[in-house]
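Here are the chains, one letter per residue:
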2 protein chains.
Amino acid sequence: MFRSFCWPRSISFSRLVLAVGLLSLVGCGAPEATGAGQAVDAADASSSGGTTTGTPKAWAIAIHGGAGVIPKDIDPVQKEAYYAALREALTLGQEALDSGESSLDVVEKVVRKLEDAPQFNAGKGAVFTHDGKHALDAAIMDGSTLGVGAVTGVETVKNPISLARLVMTETRHVLLSGEGAEAFADTMELERVDAAYYFTQGRHDAWQRALAREKEEGEQRLMMDSAADDQASLEDARLGVEGSADWQNEKYGTVGVVALDRAGNLAAGTSTGGLTNKRWGRVGDVPIIGAGTYANDAACAVSGTGIGEQFIRHTVASDIAALVAYGDLSLADAAHKVVHEKLKPGDGGIIAVDPQGNLALVFNTAGMFRGAADADGRFDVAIWEDE
Amino acid sequence: MFRSFCWPRSISFSRLVLAVGLLSLVGCGAPEATGAGQAVDAADASSSGGTTTGTPKAWAIAIHGGAGVIPKDIDPVQKEAYYAALREALTLGQEALDSGESSLDVVEKVVRKLEDAPQFNAGKGAVFTHDGKHALDAAIMDGSTLGVGAVTGVETVKNPISLARLVMTETRHVLLSGEGAEAFADTMELERVDAAYYFTQGRHDAWQRALAREKEEGEQRLMMDSAADDQASLEDARLGVEGSADWQNEKYGTVGVVALDRAGNLAAGTSTGGLTNKRWGRVGDVPIIGAGTYANDAACAVSGTGIGEQFIRHTVASDIAALVAYGDLSLADAAHKVVHEKLKPGDGGIIAVDPQGNLALVFNTAGMFRGAADADGRFDVAIWEDE
């Protein structure tokens, strides 16, 4: 029952080398390798079923690194860094599932990899809160037992997903918050970091811009009925506006992984830094089981990314599972219904896998950082919907 | 949009007088008035349909004050105090719904009444945390808009349900936590209290006993694989053991209200002090939309009480709604399935109402403090299953 989560620091590097080696083997050296025929399910292709039905797969995995307005003219070096981070994480999961590791282990391992990548708003690269701190949320769920662990408001843990897993395995509780979650971490073997670890210049600049806008517009912008920049950028996202210089600034970059293993078990995990400039101890959908994270072997595993409040209101992850379990919909149709009919355009997206290894990667934003792989040789990563 | 939630202190007393007056009108002066023919749905009577089907009701309401092991030989004065508190709250809701108030207003109002009653583990009478504090959680949901507001870890707000409603109406967020929630409360008009307000001798004694047990058994009792008193009392509850001198000590006493109003809209609200001696910033099911609280006019409104972790794992409240919406089950059958087939005996119970005014009050513990009323004259309160 008792596991040590104190990963040797050397693993990250050796895994990296291995991943790079594998990349050449599977022929995914360039993003363009994901041609039309193998395209990752895009925004409105989820109900076509083309890539989401067929014979059962021995294993399958999907990953995401956030959904939102992602300008197509981003710097090529930056773009390649995103693709590389996605491919590296996906390769790690592909290798582990192929060798028979449990979906729960793989979800934790691949989320850690994404947390460590500075491109995404989780772990290193997390956004800044209003007070200039980082407050991280994460959740993990085991579809075979309905075991769950989640944390919110963590400030010193390098990999919040591993702390979430320890909540699941080592306590009777499901969700620990703030200083209490830190105190629990103190009793566990787990790599801790200071605030500087999470720092990235881009997220810092975005926080400074948010503070400046706030100062300009006054305190009332925080209230629902004011015309606020959050609201404005939300509207931009809903309209699919591209090219904003500030596209990275706000709520995008949450990471998540769903997996089916060779034993037929599902798992899901999600990790985030939440909203830039968040305050009032705001908690989003990530640590809320049924909203941003859910797994149940009887239906599917889901991880979401987007406007957390919308995901909570619509219990997005468990609603997709319920439509599969009770509504007699395919995973693709269930995901499409929730993302395109219940959520609003611009709210975000989800990744999901069912016990047959069908994958759904569905979003209603202009883009979603994502990847998908399965035992039948699928391996592709994408950002925009027309890839 | 903007409402003041600073209720005049005099209202409580005048409402009380009104409630007492109404009690004599509806002939519910004694608990024995709830005879067999009008019995509130008991643990295993929910699927009989006897009280949960029929012609639509113009309005309906159910309330709870916690589920668990409640010895039948409790002091008669204490027992009558529970019945009186339940009747008073139910009367308040009955009157308001009959006069056409919205379900959302009624849910807030009646939860406030139950928070103010020292018998229950919410507001006044909340349990003590490990550190000798009180950390309160609450959530409210509007079934007509899917609007939600929730707070966790609140320490100075007299009525956390009203703070939850302000989160819903006055911010873009859904869930605020800890110091952040307090800071938000500072910006609102809302009655604040110091820690002494929540004090009750019984909860204090229970906390002291829990600390003593913990000292005796050592720190490892907090871990999942140890034989711990929480686990022991959970097992007691599952076995339906009665007569424990310590029956009030732990996790029972959460309050909740669900209502259907004359406009056909549903709402749900739940409020709690959580677990006695809780630590690590543990968050239970109450502020988790879909776990302890959920409302959707397309299905039903639900409020739960019991082992919060079990309610989160099983997304109890939204699962009942999904079984109604997609599984084509009646509210009674859906509630029965989740409480008796998915949860384990002793986990707790739920109250629910659907758009036709059908009520379900279902639990798998030895008792649940509860009450139910509707436009057709139903008005009954009960504690044990055979009432």
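Keep in mind it's a predicted model, so treat the numbers as computed, not measured.

Analysis parameters
Residues numbered from 1 in each chain as written. Chains lettered and ligands numbered in written order. Predicted model: local features only at pLDDT ≥ 70, side-chain atom pairs only at ≥ 80, totals over all residues. Heavy atoms only, no water. Helix = DSSP H or I, 4+ residues; strand = E, 2+ residues; numbered from the N terminus. Buried < 20%, exposed > 50% of the residue type's maximum accessible area, 1.4 Å probe, protein only. Contact = heavy atoms within 4.5 Å. Areas by Shrake-Rupley, 256 points an atom, 1.4 Å probe, with all protein chains shown as cover. Buried area = accessible area lost by both parts, 1.4 Å probe. Salt bridge = Lys/Arg side-chain N within 4 Å of Asp/Glu carboxyl O. Polar contact = N/O pair within 3.5 Å; in protein donor to acceptor, adjacent residues only side chain to side chain. Nonpolar A, V, L, I, M, F, W, Y, C, P; charged D, E, K, R; others polar. Pairing = 2+ DSSP bridges. Axes fitted to C-alpha atoms, helices over the stretch in contact; angles between N-to-C directions. Least-squares fit on C-alpha atoms with pLDDT ≥ 70 in both. Expected span 1.5 Å × (residues − 1). Parallel < 35°, antiparallel > 145°, perpendicular 65-115°, else oblique. Left-handed = near helix turned anticlockwise from the far one by under 90°. Core = buried A, V, L, I, M, F, W, Y, C linked by side-chain atoms within 4.5 Å. pLDDT = per-residue confidence, 0-100.

Here we take up the overall build of chain A. Looking only at helices and strands, chain A has 11 helices and 13 strands in total. The buried share of chain A, reckoned over its 387 residues, is 64%. The contacts of chain A with a sequence gap of at least 6 include a subset with a gap of at least 24, amounting to 71%. Total accessible area on chain A is roughly 12700 Å²; 54% of this is exposed by carbon and sulfur atoms.

Here we take up the interface of chain B and chain A. Each partner contributes to the interface: chain B provides 51 residues, whereas chain A provides 51 residues. A buried area of about 4200 Å², summed over both sides, lies between chain B and chain A, and 62% of it is on carbon and sulfur atoms. Inspection of the region where chain B meets chain A yields 0 salt bridges. Along the contact surface separating chain B from chain A lie 10 residue pairs in polar contact (both at pLDDT 80 or more). Contributing elements (two or more residues each) for the side of chain B that touches chain A: β3 (147-154), α4 (160-170), β4 (175-177), α5 (178-186), α8 (229-239), β7 (282-283), α9 (308-313) and α10 (316-325) of chain B. Tallying contributions element by element places α5 of chain B first for the side of chain B that touches chain A, with 5 residues. Classifying every residue of the side of chain B that touches chain A gives 26 nonpolar, 15 polar and 10 charged. The sheet contact formed by strand β4 (residues 175-177) of chain A and β7 of chain B spans 2 bridges and is antiparallel.

Let's shift gears to the side chain of Asp380 of chain A. Summarising the element assignment, Asp380 of chain A is placed in strand β13 (residues 379-384). In this structure the side chain of Asp380 of chain A is engaged in a polar contact, spanning 3.5 Å, whose partner is the side chain of Arg378 of chain A.

So, about the pattern of salt bridges. One pass over the structure, following the stated rule, counts 28 salt bridges over all chains. The shortest N-O distance in the salt bridge between Asp380 of chain A and Arg378 of chain A comes to 3.5 Å. With a relative accessible area of 0%, Asp380 of chain A lands in the buried category. Among the residues examined, Arg378 of chain A registers a relative accessible area of 12% and is labelled buried. Residue Asp186 of chain B is joined to Arg192 of chain B by a salt bridge in which the shortest nitrogen-to-oxygen separation is 2.9 Å. Classification of Asp186 of chain B as exposed rests on a relative accessible area of 54%.

Residues and elements named next belong to chain B. Residue placement: Ala81 occurs in helix α2 (residues 76-98). We classify Ala81 as partly exposed; its relative accessible area is 26%. Expressed as a C-alpha distance, the spacing of Ala81 and Pro118, which sit 37 residues apart in the sequence, is 9.8 Å.

A few words now on the sheet that holds strand β2 (residues 136-142) of chain B. Overall, mixed pairing links the 9 strands, which are arranged β7(A)-β4(B)-β3(B)-β2(B)-β6(B)-β5(B)-β1(B)-β12(B)-β13(B) in an open sheet. Each of the sheet's edge strands pairs with one partner strand only, and the pair in question is β7 (282-283) of chain A together with β13 (379-384) of chain B. The strands touched by helix α3 (residues 103-116) of chain B are β1 (60-68), β2, β5 (255-260) and β6 (266-272) of chain B; relative to β5 of chain B, the strand with the most contacts, the crossing angle is about 155 degrees. Sheet strands in contact with α4 of chain B are β2, β3, β4 and β6 of chain B, and its direction is about 130 degrees off that of β3 of chain B.

Turning chain B through 180 degrees and shifting it by 0.0 Å along the axis lays it on chain A, with an RMSD of 0.0 Å. Taken together, these values place the two copies in the relation of a two-fold axis.

The subject of this paragraph is helix α3 (residues 103-116) of chain A. Residues and elements named next belong to chain A. Between its first and last C-alpha atoms α3 spans 20 Å; for 14 residues at 1.5 Å apiece the expected length is 20 Å, and the two agree. The buried count for α3 comes to 12 of 14 residues, which makes it a mostly enclosed element. Within α3 the residues assigned to the buried category are Ser103, Leu104, Val106, Val107, Glu108, Lys109, Val110, Val111, Arg112, Lys113, Leu114 and Glu115.

We now examine the packing of α2 of chain B against α3 of chain B. Relative placement of two packed helices is described by the angle separating their axes and the distance separating the axes. All names here are of chain B. One way to put it is that α2 packs onto α3 with a least axis distance of 9 Å and a crossing angle of 160 degrees. One way to sum up the angle between α2 and α3 is to call them roughly antiparallel. The element α2 and its partner α3 pack so that their crossing is right-handed. Side by side, α2 and α3 meet where Ala85, Glu88, Ala89, Leu92, Gly93, Ala96 and Leu97 of the first sit next to Ser103, Val106, Lys109, Val110, Lys113 and Leu114 of the second. Here the residues of the contact of α2 with α3 are counted per class, giving 8 nonpolar, 2 polar and 3 charged.

Another point: the pairing of strand β12 (residues 367-374) of chain B. Residues and elements named next belong to chain B. By the criterion of burial, β12 is predominantly enclosed, with 8 of the 8 residues buried. Along β12, one buried face is formed by Gly367, Phe369, Gly371 and Ala373 and the opposite face, lined by Met368, Arg370, Ala372 and Asp374, is buried too. Pairing analysis gives 7 bridges linking β1 to β12, with the strands arranged antiparallel. Bridge pairing in β12 places Ala62 opposite Ala372. Hairpin remark: β12 followed by β13, antiparallel, with 4 residues in the connecting loop; positive phi at Gly377, about 100 degrees.

Ile320 and Ile350 of chain A together with Ile320 and Ile350 of chain B are the most contacted members of the largest nonpolar core, which totals 98 residues. Contact partners of Ile350 of chain A, with chain neighbours within four places excluded, come to Val302, Ser303, Gly304, Phe311, Val316, Ile320, Ala335, Val339, Ala360, Leu361, Val362 and Met368 of chain A.

All names here are of chain A. On average, chain A scores 82 in pLDDT, and the residues at 70 or more come to 77%. When the criterion is pLDDT under 50, residues 42-52 qualifies, and its contacts beyond four places in sequence or with other chains add up to 25 contacts. This model gives residues 220-249 a pLDDT under 50, and the stretch forms 78 contacts once residues within four places in sequence are excluded. Interface confidence for the predicted complex, expressed as ipTM, amounts to 0.82; the pTM equals 0.83.

Moving on, we come to the sheet that holds strand β5 (residues 255-260) of chain A. The strand order across the open sheet built from 9 strands is β13(A)-β12(A)-β1(A)-β5(A)-β6(A)-β2(A)-β3(A)-β4(A)-β7(B), with neighbouring strands paired in mixed fashion. Looking at the sheet topology across the chains shown, the edges are occupied by β13 of chain A together with β7 of chain B. The pairing of strand β2 (residues 136-142) of chain A with strand β6 (residues 266-272) of chain A spans 6 bridges and is classified as antiparallel. Bridge pairing in β6 of chain A links Asp142 of chain A to Ala267 of chain A. Packing of helix α2 (residues 76-98) of chain A onto the sheet brings it into contact with β1 (60-68), β5, β12 (367-374) and β13 of chain A, and relative to β13 of chain A it is tilted by some 145 degrees. Along the sheet, α3 of chain A makes contact with β1, β2, β5 and β6 of chain A, crossing β5 of chain A at roughly 155 degrees.

To continue, consider the side chain of Ser271 of chain A. Residue and element names in this part refer to chain A. Within the element layout of this structure, Ser271 appears in strand β6. Among the polar contacts listed, one links the side chain of Ser271 to the side chain of Glu115, at a separation of 2.6 Å. Discounting residues that sit within four places of it in the chain, Ser271 has contacts with Val111, Glu115, Asn121, Ala122, Asp137, Ala138, Pro160, Thr254, Val255 and Val286.

All names here are of chain A. Packing of α3 against helix α4 (residues 160-170) brings their axes to within 8 Å, and their N-to-C directions diverge by 150 degrees. Relative to α4, α3 is oriented roughly antiparallel. Counted together, Leu104, Asp105, Glu108, Val111, Arg112 and Glu115 of α3 and Pro160, Ile161, Ser162, Arg165 and Met168 of α4 form the full contact between these two elements. In terms of residue class, the contact of α3 with α4 is built from 5 nonpolar, 1 polar and 5 charged.

All names here are of chain B. Burial analysis of β6 places 7 of its 7 residues in the buried class, the great majority of the element. A two-sided burial pattern is seen for β6, the buried positions comprising Leu266, Ala268, Thr270 and Thr272 on one face and Ala267, Gly269 and Ser271 on the other. Across 6 bridges, β5 lies against β6 in antiparallel orientation. Paired with Val258 across the strands is Ala268, a residue of β6. Between β5 and β6, which pair antiparallel and follow one another directly, the connecting turn spans 5 residues, one of which, Gly264, has a positive phi of 90 degrees.

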